[in-house]
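Survey of secondary and tertiary structure
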Amino acid sequence: MPLYSDSVLDEVRNAVSIVSLVSEYVALKKRGRNHVARCPFHTEKTPSFNVSEEKQIFMCFGCGVGGDAFKFIMLIEHLAFPDAVRFIAERHGIALPEPVVRPESQGGTSTDILLRANVEAAGYFHWLLLEADEARPALEYLQRRGVTRATIEKFNLGFSPAGGDGLIQRMSQKGFSKEVLLECGLAKRSEDGARCYDSFRGRIIFPITDVRGRVIAFGGRAMGDHQPKYLNSPETRLYNKSRNLFGLGFSKEAIKKHDFAVLVEGYMDFVVPFQYGVENLVASLGTSLTQQQVQLIGRYTREVVVSYDPDSAGVAATQRSLDLFLEEDFRIRVLSLPEGEDPDAFIRRAGAEEYGKRLREAVPYMDFVVEAAVRRQGSLDNPRNKIQVLNSILPYLAKLPNAVERSDYVFRIARRLRIEDQQLLAEVKRAAQQKRARLAEAPLATVGAMKFAEKRLLKVLLHNPELQPQVLGRCSMQDFTGLAAEKIFAAIAEGFRRGERPTFEILNRRFADQPEQAMLAQVQMEEAPEDLSADTAESFYNALRASRLASYKQEILSKIDEAARNKDDELLNRLIEQRARVDRELISLSRK
Ligand SMILES: [Zn+2]
């Protein structure tokens, strides 16, 4: 049962440009008639993700995802179809009628209320920071660290009351129940469940927004030595920790523009350099990034500059993040600041220009790894030290997905350590092969299930709908049984029977929210075949029919075996007749 009528869906669809919609998530580049990018849904080195403004569809030739604007939002925002429709409609100011049926899966409070509660809470925290006496030390702390009023406004920074339930009280005056606050992660229940208290108490608050700028969670930074230093909202229906990154909504444009991201550690390392004009930032917040977060950054660039000393306290977490970047085929460089200075302290002292200069001069990660290993081991005159250094570098070398880069490093490291590079190369190859074996096991989603003739026949029927009566009039639906695109053929035939000529647009609507949409996108995105005649269509249909008959014949043959074993002569005769009929048909098809 559809939630919205076709005319409503068309209105929403027509209001968006798929290229500008997708650009908010992925760095698209114009290539020919399409825009291309590295696919946000699978890991790849060369872009096979295509978006067509003309056709209003997207398609990845690497992993096979594809569809229209709704489909894209469903996949990238992890939304159900009706929610994706609402998501796009809201952003384009289109008023939607009440859905015909409430989505059952939703249950509980709607996400709209959670979002409104977050906005209200963020506003309250912000007001407290600027106006309340109890927030004075927090405000002074920020000012001492050079944070201006404009920056506080820009990032909507705030302060959470220390009392215990100040937020709960305030929110209840505004009509938000405790249940909503509990679901937002803004309140917690006491152990015995008897009462609720604020999750954030006496902390500087950094609202966490998604890449679209909606407040989905909060980060609280402790004042002084309070532990933990950073406290984040728990996972909620709005906030998936492993899929979001603080500040990316502010920095994504600058990251796209500079084509690299500066990885910093804390909120202050983000906010202060940003204020000084270094805007292409990403904050790890002292934990290791997840693969999804690294892929999220990968939508905008494939290069990061790590702007904190990877030898510092969070070294283990940092190391894991950097490993992920390597595995996702990022270029990584390392910027070292004097005496382990924070980026925010450095930029206030030395200025944005000096920081920018150091960013440009940041050394490739492998050089950094080598020098750090050499420093740890001491003299290279000792052969044992050399082996130790080599052993600690090998895992990193093996992670470099690019063979050219890898052998380049082998050469440089061999020189640095004064060893024969043949010997080193052999070691690296062994380590790299182990890694490749692991990668090969990764599953690959695909819509490659369509047979060649099947795809070609669809192309003719849909790129030239005028031919449908002529071609479909001769087809038997039986011959499409078991094909990947069976449902699409059935829908075309059904439309044909009603006297319509189904087009890509009609079918896209019909298969919204279904796997068929990706197949349609694939057929639509590929260029129309040059020969769009009824004869071509018939030859592809015949090929499909022949392959169905061939598998039917296999079935008959195994039944013949069985009947012969059972000495069932009557059945055997019937089957042999059937087989002869199939053979005759196959022969006549092969003559066409
Ligand atoms: Zn893909």
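None of the values given here were measured: they were computed from a predicted structure. (Residues numbered from 1 in each chain as written. Predicted model: local features only at pLDDT ≥ 70, side-chain atom pairs only at ≥ 80, totals over all residues. Heavy atoms only, no water.)

This paragraph deals with the overall build of the protein. In terms of helices and strands, the protein carries 26 helices and 16 strands. Its C-alpha atoms give the protein principal-axis dimensions of roughly 95 × 75 × 50 Å. Relative to its 592 residues, the protein shows a buried fraction of 49%. Considering only intrachain contacts with a sequence separation of at least 6, the fraction spanning at least 24 residues in the protein is 66%. The average position of the 84 basic charges and that of the 81 acidic charges among the side chains of the protein differ by 3 Å. (Helix = DSSP H or I, 4+ residues; strand = E, 2+ residues; numbered from the N terminus. Buried < 20%, exposed > 50% of the residue type's maximum accessible area, 1.4 Å probe, protein only. Contact = heavy atoms within 4.5 Å. Lys, Arg positive; Asp, Glu negative; His and termini not counted. Charge placed at Lys NZ, Arg CZ, Asp CG, Glu CD.)

So, about the sheet that holds strand β12 (residues 261-264). Taken in spatial order, the 5 strands of this open sheet run β13-β12-β14-β15-β16, and their pairing is mixed. Strands with a single pairing partner mark the edges of an open sheet, and in this sheet they are β13 (281-283) and β16 (363-364). Note: strand β15 (residues 331-334) against β16, 2 bridges, orientation antiparallel. The partner of V334 across the bridge, within β16, is V363. (Pairing = 2+ DSSP bridges.)

What makes a disulfide is a covalent bond joining the sulfur atoms belonging to two cysteines. As enumerated under the stated definition, the model contains 0 disulfides in all. Here C184 is not disulfide-linked; the sulfur of C196 is the nearest cysteine sulfur, at 13 Å. For C184, a relative accessible area of 3% translates into the label buried. (Disulfide = S-S within 2.5 Å.)

A word on the coordination of the zinc ion. In an ideal tetrahedron of four donors about a metal, each angle is 109.5 degrees. In an ideal octahedron of six donors, the angles are 90 or 180 degrees. Of the protein atoms, only C39 (SG), H42 (ND1), C60 (SG) and C63 (SG) coordinate the zinc ion, at distances of 2.1 to 2.3 Å. Classification of the site at the zinc ion rests on its 4 donor atoms, whose angles at the metal span 102 to 120°, yielding the label tetrahedral. (Donors = N, O, S within 2.8 Å, 3.2 Å for Na, K, Ca; no water. Tetrahedral: all angles 85-135°; square planar, octahedral: opposite > 155°, others 65-115°.)

What follows concerns the sheet that holds strand β6 (residues 158-159). The 4 strands lie next to each other as β6-β9-β10-β11, forming an open sheet whose pairing is antiparallel. In the strand order of this sheet, the two ends are held by β6 and β11 (230-232), each with one partner. Across 3 bridges, strand β10 (residues 215-221) lies against β11 in antiparallel orientation. Note that in β11 the partner of G220 across the bridge is L231. In the packing of helix α5 (residues 111-131) onto the sheet, the strands contacted are β6, β9 (204-209) and β10, and the crossing angle to β10 comes to about 35°. (Axes fitted to C-alpha atoms, helices over the stretch in contact; angles between N-to-C directions.)

We now examine the packing of helix α17 (residues 383-399) against helix α18 (residues 403-417). Look at α17 against α18: their axes get within 12 Å of each other, and the N-to-C directions meet at 170°. On the basis of the axis angle, α17 is roughly antiparallel to α18. At the point where α17 passes α18, the crossing takes the right-handed sense. Within the contact between the two elements, α17 uses K386, V389, L390, I393, L397 and A398 and α18 uses R406, Y409, V410, I413 and L417. By residue class, the composition of the contact of α17 with α18 is 9 nonpolar, no polar and 2 charged. (Parallel < 35°, antiparallel > 145°, perpendicular 65-115°, else oblique. Left-handed = near helix turned anticlockwise from the far one by under 90°. Nonpolar A, V, L, I, M, F, W, Y, C, P; charged D, E, K, R; others polar.)

Below, the discussion takes up the packing of helix α16 (residues 365-377) against α17. Remark: α16 packs on α17, axes separated minimally by 9 Å, with the N-to-C direction vectors making an angle of 155°. Considered as vectors, α16 and α17 are oriented roughly antiparallel to each other. Classified by chirality, the crossing of α17 by α16 is right-handed. Between α16 and α17, the contacting residues are Y365, M366, V369, V370, A373, V374, R376 and Q377 on the first element and N385, Q388, V389, S392, I393, Y396 and L397 on the second. Of the residues belonging to the contact of α16 with α17, the class tally is 10 nonpolar, 4 polar and 1 charged.

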